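Residue-level listing of the chains:
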Amino acid sequence: MIHSTPGTSSPLPGPTPHPIVGHLLQVPKKHVWKYFESLGQHYGPVVGLSLAGDNLVILNDAEDAEELLNRRSHNYSSRKQLVYAGKYQSHGKRLVLLPYGPQLKQHRAAFHQMLQPKVVGSYESMQEEESAKYLYNMLVKPGEADLHSKRYAAATVFRLSYGKSLSDDDEDLKTVLIILDGFIRDCYPGSHLVDTFPILDSLPDFLAPWRISARRKHDYEIQLYGRLLDEVKVRLASGDDSDCFAARLLQANEKNILDAESLAYVVGSAFVAGTDTTAGTFMWFLMAVILYPETLRKAQAEIDGLPGLGPSRAPDLSHMNSLPYCVALTKELFRWMPAAPGGFPHLSDADDVYKGYFIKGKSMVIPNIWAMQHNERLFPEPLSFNPDRFMQDIDGRDDLTQGHYGFGFGRRVCPGRYLGARTVWIGITRLIWGFNICPGVDSDGRLVVPVPDNCTSGITSKPLPFSYSLVPRSDVHAETIRCLYVSSLGRTKS
Ligand code: HEM
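The chain appears in an unreviewed UniProt entry as Cytochrome P450 from Neolentinus lepideus HHB14362 ss-1. Taken directly from UniProt, the Subcellular location (unreviewed entry) text for the chain runs: "Membrane". According to its UniProt record, the chain has this under Pathway (unreviewed entry): "Secondary metabolite biosynthesis."

Given below as structure tokens:
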């Protein structure tokens, strides 16, 4: 809906643009969310930028994001069409990049069937088994937390999607990680010149080597998704009735009318979208409790004090309502260092006027989650990791996805949020139960304290490698982790 006419509205505030390239040269490539936050402090929470023809609207305040992306979501729910990652690499079929329309609704409806809160509760045993493997991997190879976290995050979605387990030495895991690393870089604004200057797409192949590389990446991932889907088809044909996302979609597809490639993408892209965000959150957790050791001690005391739990009994998802501090700690983690700090850009459809400012149709609207969650007014001392700030809101039926903006907005809000948040909760609560986590030491034996600013700068962000020490709290804890692992192997199908 247009609330006023451009004639009565003013342009969005922002720095003076260059006459040809706009703000292209002013926007840094690294930690762009902090630059956007600083613009908000200077020009007000809603800022306009122009990048070589693209209009950007930066939202630094949650109230504005809620108005535009939630209440006016009919106009702010599309995505800019990326030439490299969208057209060539994903053949226009990857959910996260789809424009708003019937195809997106179909894909999201399929996701909703698998990931709505009602259904997510039935995945508890699978999450507990995968978290047992995660704990075991952390016990036997504590130096590889990043890899174990990725494996754990990918394995939960993978099992849900294809009904089979992802093993550590699995080629599928390696393929998933290669796809993931590439995709995170490829959809970051500015990664490929053709996305800033789409005219370059008219060049023939011999002058556009990027096109060949994007097609190769497509072939690589569709081979994996197609093979995994074929395996499920064979299982279904042989009368195996084990439930998984792929099986349900295949069975329902007469109604859903998804073509073979869309079907492969809708299942396959779930674990690509869900892995890096979830895994990065675990690395932020390690850093948080190293920098704020009292939070680890408090959480351990809460777990140790719960009747029935102890060195020979780890918490499970049924304990969530009895461990409010662990819930608050998880929510604070999503707030303190959001997995996608710069948000995922939405695209508007039609012209609009907001607070007297004109927002041109086809603007990229960027919810700067970082600035929203570091707003001093809502979160005093925002850079401190302080789970207590969430304690008063927790009422025993708490939703890990509420009270922060880490899962995005409106019609594009993360469809995996209920699953992802519970995967994070059980993973970190079990790490807290089982391990002491401290700073690592350098070659001279001095403690090395990690620095949150040392983090990656893609569409998601996680700490750059840092040293830490992860030691089981006792021999009994270590033995319990081994037993949990062995019993999870007995129940997992590979
Ligand atoms: C800690 C875990 C996670 C975090 C912090 C997270 C965060 C996000 C964010 C910020 C967005 C962008 C929302 C927007 O555009 O406003 C998003 C989108 C998405 N997420 Fe997640 N996510 C997580 C886990 C997952 C999981 C486990 C899955 C899959 C099972 C998943 C699947 C997706 C998909 C498919 C989209 C694209 C939605 C669309 O464009 O319509 N995510 N996520």
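Text resumes after the structure shown.
Turning our attention to the overall build of the chain. Helix and strand content of the chain: 18 helices and nine strands. Buried positions account for 57% of the 494 residues belonging to the chain. The contacts in the chain between residues at least 6 apart in sequence include a share of 75% that link residues at least 24 apart. When the 52 positive and 54 negative side-chain charges of the chain are each reduced to one mean point, those points stand 3 Å apart.

Moving on: the coordination of the iron atom of the ligand. With respect to protein ligation, the iron atom of the ligand binds only Cys414 (SG), at 2.3 Å. Within the element layout of this structure, Cys414 appears in the loop between helix 16 (388-391) and helix 17 (417-434).

Neighbouring residues of the ligand: 25 residues in total, closest Arg79, Arg108, His346, Arg412 and Cys414. Between the ligand and the protein, one listed contact pairs an oxygen atom with a backbone N or O atom of Phe409 at 3.0 Å. Residue contributions to the shell around the ligand peak at six residues, all from helix 12 (residues 260-291). Taken together, the residues that form the shell around the ligand break down as 14 nonpolar, eight polar and three charged.

Turning our attention to the pattern of salt bridges. The full count for this structure, using the stated rule, is 37 salt bridges. Residue Asp146 is joined to Lys462 by a salt bridge in which the shortest nitrogen-to-oxygen separation is 3.6 Å. Residue Asp146 is found in helix 7 (residues 145-162), and its partner Lys462 is found in the loop between strand 8 (447-448) and strand 9 (468-472); the two are separated by 316 residues along the sequence. With relative accessibility at 28%, the residue Asp146 sits in the partly exposed group. Put simply, Lys87, Asp201, Asp205, Arg211 and Arg215 are held in one network by salt bridges that share partners.

Their axes nearest at 10 Å, the elements helix 6 (residues 124-140) and helix 7 cross at an angle of 160°. Compared by their axis directions, helix 6 and helix 7 come out roughly antiparallel. When the axes of helix 6 and helix 7 are compared, the crossing they make is right-handed. In this structure, helix 6 uses Met126, Gln127, Glu129, Glu130, Ser131, Lys133, Tyr134, Asn137 and Met138 to contact helix 7, whose residues at the interface are Ala145, His148, Ser149, Arg151, Tyr152, Ala155, Thr156, Arg159 and Leu160.

Residue placement: His192 occurs in the loop between helix 8 (171-186) and helix 9 (193-196). For His192, a relative accessible area of 15% puts it in the buried group. Here Asp186 takes part through its side chain, which lies 2.8 Å from a polar atom of the side chain of His192. Apart from residues lying up to four places away in sequence, His192 is in contact with Tyr84 and Asp186.

Right, let's talk about the sheet that holds strand 6 (residues 364-367) for a bit. Here we have four strands laid out as an open sheet, ordered 1-2-6-3, and mixed in their pairing. In this open sheet, the two edge strands, each paired with only one partner strand, are strand 1 (46-51) and strand 3 (346-347). Note: strand 1 against strand 2 (residues 54-59), six bridges, orientation antiparallel. Note that in strand 2 the partner of Val46 across the bridge is Leu59. Taken strand by strand, helix 1 (residues 32-43) contacts strand 1, strand 2 and strand 6, and its axis lies near 125° from that of strand 1. Sheet contacts for helix 2 (residues 62-71): strand 1, strand 2, strand 3 and strand 6; angle to strand 2, the most-contacted strand, approximately 130°.

With that out of the way, let us pick up helix 8. Over its 16 residues, helix 8 extends 23 Å from the first C-alpha to the last, a length consistent with the 22 Å expected when each residue adds 1.5 Å. If you check which residues of helix 8 are buried, you get Asp172, Leu173, Thr175, Val176, Leu177, Ile179, Leu180, Gly182, Phe183, Ile184 and Asp186. Among the structural elements, helix 3 (83-88), helix 7, helix 10 (209-237) and helix 12 are those in contact with the buried residues of helix 8.

Between the antiparallel neighbours strand 1 and strand 2 lie two residues, among them Ala52 with a positive phi of about 45°. With four bridges connecting them, strand 2 and strand 6 associate as parallel partners. The residue bridging Ile58 from the neighbouring strand is Ile366, located in strand 6.

Here the focus is unusual backbone geometry. For Lys355, which is not glycine, the phi dihedral falls at a positive 50°. The residue Lys355 is located in the loop between strand 4 (352-354) and strand 5 (357-359) in this model. A relative accessible area of 53% means that Lys355 is categorised as exposed. With a phi angle near 45°, Glu381 is a residue other than glycine that sits in the positive phi range. Locating Glu381 in the fold gives a position in the loop between helix 15 (369-373) and helix 16.

Using the criterion set out here, one finds 17 aromatic pairs in the structure. Taken together, a centroid distance of 5.8 Å and an interplanar angle of 75° make the contact between Phe111 and Phe245 edge-to-face. Of this pair, Phe111 sits in helix 4 (residues 102-115) while Phe245 sits in helix 11 (residues 245-256), and the two are 134 residues apart along the sequence. Taking relative accessible area as the criterion, Phe111 reaches 7% and is therefore assigned buried. Ring plane angle 0° and centroid distance 3.7 Å describe the contact between Tyr136 and Tyr485, whose orientation is recorded as stacked. Linking Tyr136 in helix 6 with Tyr485 in helix 18 (residues 475-491), this pair joins segments that are 349 residues apart in sequence. Here a set of aromatic residues connected by ring pairs shows up, and it is made of Trp284, Tyr292, Trp336 and Phe385.

Conventions used here
- Residues numbered from 1 in each chain as written.
- Predicted model: local features only at pLDDT ≥ 70, side-chain atom pairs only at ≥ 80, totals over all residues.
- Heavy atoms only, no water.
- UniProt positions renumbered as here; feature names shortened; annotations may be inferred.
- Helix = DSSP H or I, 4+ residues; strand = E, 2+ residues; numbered from the N terminus.
- Buried < 20%, exposed > 50% of the residue type's maximum accessible area, 1.4 Å probe, protein only.
- Contact = heavy atoms within 4.5 Å.
- Lys, Arg positive; Asp, Glu negative; His and termini not counted.
- Charge placed at Lys NZ, Arg CZ, Asp CG, Glu CD.
- Donors = N, O, S within 2.8 Å, 3.2 Å for Na, K, Ca; no water.
- Near = heavy atom within 4 Å.
- Polar contact = N/O pair within 3.5 Å; in protein donor to acceptor, adjacent residues only side chain to side chain.
- Nonpolar A, V, L, I, M, F, W, Y, C, P; charged D, E, K, R; others polar.
- Salt bridge = Lys/Arg side-chain N within 4 Å of Asp/Glu carboxyl O.
- Axes fitted to C-alpha atoms, helices over the stretch in contact; angles between N-to-C directions.
- Parallel < 35°, antiparallel > 145°, perpendicular 65-115°, else oblique.
- Left-handed = near helix turned anticlockwise from the far one by under 90°.
- Pairing = 2+ DSSP bridges.
- Expected span 1.5 Å × (residues − 1).
- Phe/Tyr/Trp six-rings, centres within 6.5 Å; stacked < 30°, edge-to-face > 60°.

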